[in-house]
Amino acid sequence: MPVYNWFLKGLSLIPGLDQLLSSIPGVIPAGAASISLYPELLPLGTALASLFLVLLTWCLARSTGSDRKTAFASGLVLLAGLAWMGLPCLAGDELLGAALMTLTSICLYRGWCKSFAPLWLLCGFALVAVSTLALGLPGLVFPLLTSLFFLIWRGTFRRGGARDGAIAFGVMLILLCAWGTLVAFSDGGRELLRTELEAQFLAPILYGWELQGRDSWIIFATLALLWLPWTLLVLFLPWECLHRFLRRIGSNRRERPGQGWLWCSLLIGLIVYALLGAVSPLLLPPLLPPLAIL
């Protein structure tokens, strides 16, 4: 998907930056030339994507109603997890996609919580299009399903069909169709577009259909492993208070719906990955910000 290379190309426009990085011994990872048009910028791109994801985790926490202390702690939780020790070395494009999805989540949440918010929803759905071009199927499905179930949970399902939401959704479709048209009319573009659509959208669905849920547990086990040491907190939670916790979330769905949005984001992502038979830890970064806040 093209967004990460666009991001690196933007960095390459900074005068002298690529030459500076190329002069530093060992800065270019082995095999970088085979995965990017800008191999000398891969480490910087990954570092910036990681930084964006941490900062946007703080922004998501504040947007969904957390105080400054909780938002700051959420960033520390994200940084101190086992996943953060390895993912920034391997998955710059996935981390950038996760950062875009987190920003998308902020915009859509702010938009759906208001009776009329054309700017928030326009930005949100435009970012859905960009997230789709960054991550493929998850970038499209996660924000849309999260929005749908959040509106149902909050009892404002009709809000999704309002004029501002419909226009913003149309803008998202226009952006995706415009990208597809530009690719299709370039040299060899039709074959490239067909390959990308099959690999990024059709193949995961067919693979999940073929598995029929047999490997659904793998993504949960992978997340539990990568979320160490915080996974161990499950052993010390006051489970006897679970019913009060769930009742409080339900009773606050109008006044303080932020936790409901975070739970929808996390659970929708896990369920979709489980249904698709996802096994790679590189797919997990979009789930880490809401999990860190929760």
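Everything below is about the structure printed above this text.
Just so it is clear, the structure is predicted and the values come from calculations on it, not from any experiment. (Residues numbered from 1 in each chain as written. Predicted model: local features only at pLDDT ≥ 70, side-chain atom pairs only at ≥ 80, totals over all residues. Heavy atoms only, no water.)

Participant: I'd like a description of the overall build of the protein chain, backed by residues and values.
Facilitator: Looking only at helices and strands, the protein chain features 14 helices and zero strands. Sequence-ordered secondary structure for the protein chain, helices as α and strands as β, is α-α-α-α-α-α-α-α-α-α-α-α-α-α. When the 294 residues of the protein chain are sorted by exposure, 46% land in the buried category. A fraction of 77% describes how many contacts in the protein chain between residues 6 or more apart in sequence connect residues 24 or more apart. When the accessible surface of the protein chain is split by element, carbon and sulfur atoms take 71% of a total near 15,600 Å². (Helix = DSSP H or I, 4+ residues; strand = E, 2+ residues; numbered from the N terminus. Buried < 20%, exposed > 50% of the residue type's maximum accessible area, 1.4 Å probe, protein only. Contact = heavy atoms within 4.5 Å. Areas by Shrake-Rupley, 256 points an atom, 1.4 Å probe, with all protein chains shown as cover.)

Participant: Outline the nonpolar core, supporting the account with residue identities and numerical values.
Facilitator: One finds Leu78 and Trp112 to be the most contacted residues of the largest nonpolar core, which totals 71 residues. Those residues in contact with Trp112 that sit more than four places away from it in its chain are Leu121, Phe125, Ser147, Phe150, Leu151, Arg154, Arg159, Gly160, Gly165 and Trp261. (Core = buried A, V, L, I, M, F, W, Y, C linked by side-chain atoms within 4.5 Å.)

Participant: Just give me the short version of the packing of helix H7 (residues 118–135) against helix H9 (residues 163–184), but keep the residues and values in it.
Facilitator: Running from N to C, H7 and H9 cross one another at 30 degrees; their axes reach a closest spacing of 8 Å. When the axes of H7 and H9 are compared, the pair comes out roughly parallel. Crossing geometry of H7 relative to H9 is assigned as right-handed. Contacts between H7 and H9 involve Pro118, Leu121, Leu122, Phe125, Ala126, Val128, Ala129, Thr132 and Leu133 from the former and Asp164, Gly165, Ala168, Phe169, Val171, Met172, Leu175, Leu176 and Trp179 from the latter. (Axes fitted to C-alpha atoms, helices over the stretch in contact; angles between N-to-C directions. Parallel < 35°, antiparallel > 145°, perpendicular 65-115°, else oblique. Left-handed = near helix turned anticlockwise from the far one by under 90°.)

Participant: Account for the packing of helix H1 (residues 3–12) against helix H6 (residues 92–112), with residues named and values stated.
Facilitator: Running from N to C, H1 and H6 cross one another at 95 degrees; their axes reach a closest spacing of 9 Å. By the angle between their directions, the pair H1 and H6 is classed as roughly perpendicular. Residues Val3, Tyr4 and Phe7 of H1 form the contact with H6, whose own contacting residues are Gly92, Asp93, Leu96 and Leu100. Looking at the contact of H1 with H6 residue by residue, the classes come out as five nonpolar, one polar and one charged. (Nonpolar A, V, L, I, M, F, W, Y, C, P; charged D, E, K, R; others polar.)

Participant: I'd like a description of a positive patch on the surface, backed by residues and values.
Facilitator: A cluster of basic residues, Arg244, Arg247, Arg248 and Arg256, forms a positive patch on the protein surface. Turning to its location among the elements, Arg244 is positioned in helix H12 (residues 242–251). For Arg244, a relative accessible area of 44% corresponds to the partly exposed category. (Patch = residues over 30% accessible without salt bridge, like charges linked within 9 Å, V, L, I, M, F, W, Y side chains within 5 Å. Salt bridge = Lys/Arg side-chain N within 4 Å of Asp/Glu carboxyl O. Lys, Arg positive; Asp, Glu negative; His and termini not counted. Charge placed at Lys NZ, Arg CZ, Asp CG, Glu CD.)

Participant: Quick one: what's the story with the state of the cysteines, residue by residue and with numbers?
Facilitator: Per the counting criterion, the structure on display carries zero disulfides. We note that Cys107 lacks a disulfide partner, and the nearest cysteine sulfur, in Cys123, lies 5.3 Å from it. (Disulfide = S-S within 2.5 Å.)

Participant: Summarise the packing of aromatic side chains; cite the residues concerned and give the values.
Facilitator: Applying the stated rule across the entire model yields nine aromatic pairs. A ring pair is formed by Tyr109 and Trp261, whose centres lie 5.8 Å apart and whose planes are at 55 degrees; its orientation type is tilted. With Tyr109 in helix H6 and Trp261 in helix H13 (residues 258–276), this pair connects stretches of sequence that are 152 residues apart. For Trp261, a relative accessible area of 1% corresponds to the buried category. (Phe/Tyr/Trp six-rings, centres within 6.5 Å; stacked < 30°, edge-to-face > 60°.)

Participant: Would you mind going over unusual backbone geometry in detail, with residue names and values included?
Facilitator: Along the chain, Leu228 connects to Pro229 via a cis peptide bond; the corresponding omega equals 5 degrees. The residue Pro229 is located in the loop between helix H11 (216–226) and H12 in this model.

Participant: With reference to specific residues and values, describe the pattern of salt bridges.
Facilitator: Enumeration according to the criterion identifies three salt bridges in this entry. Of the charged contacts, one joins Asp164 and Arg159 as a salt bridge, the two residues approaching to 2.7 Å between their closest N and O atoms. Across the pair Arg194 and Glu191 runs a salt bridge whose closest N-O atoms are separated by 2.5 Å. Residue Arg194 and its partner Glu191 are located together in helix H10 (residues 189–211), separated by three residues, close to a single helical turn. Taking relative accessible area as the criterion, Arg194 reaches 42% and is therefore assigned partly exposed. For Glu191, a relative accessible area of 44% puts it in the partly exposed group.

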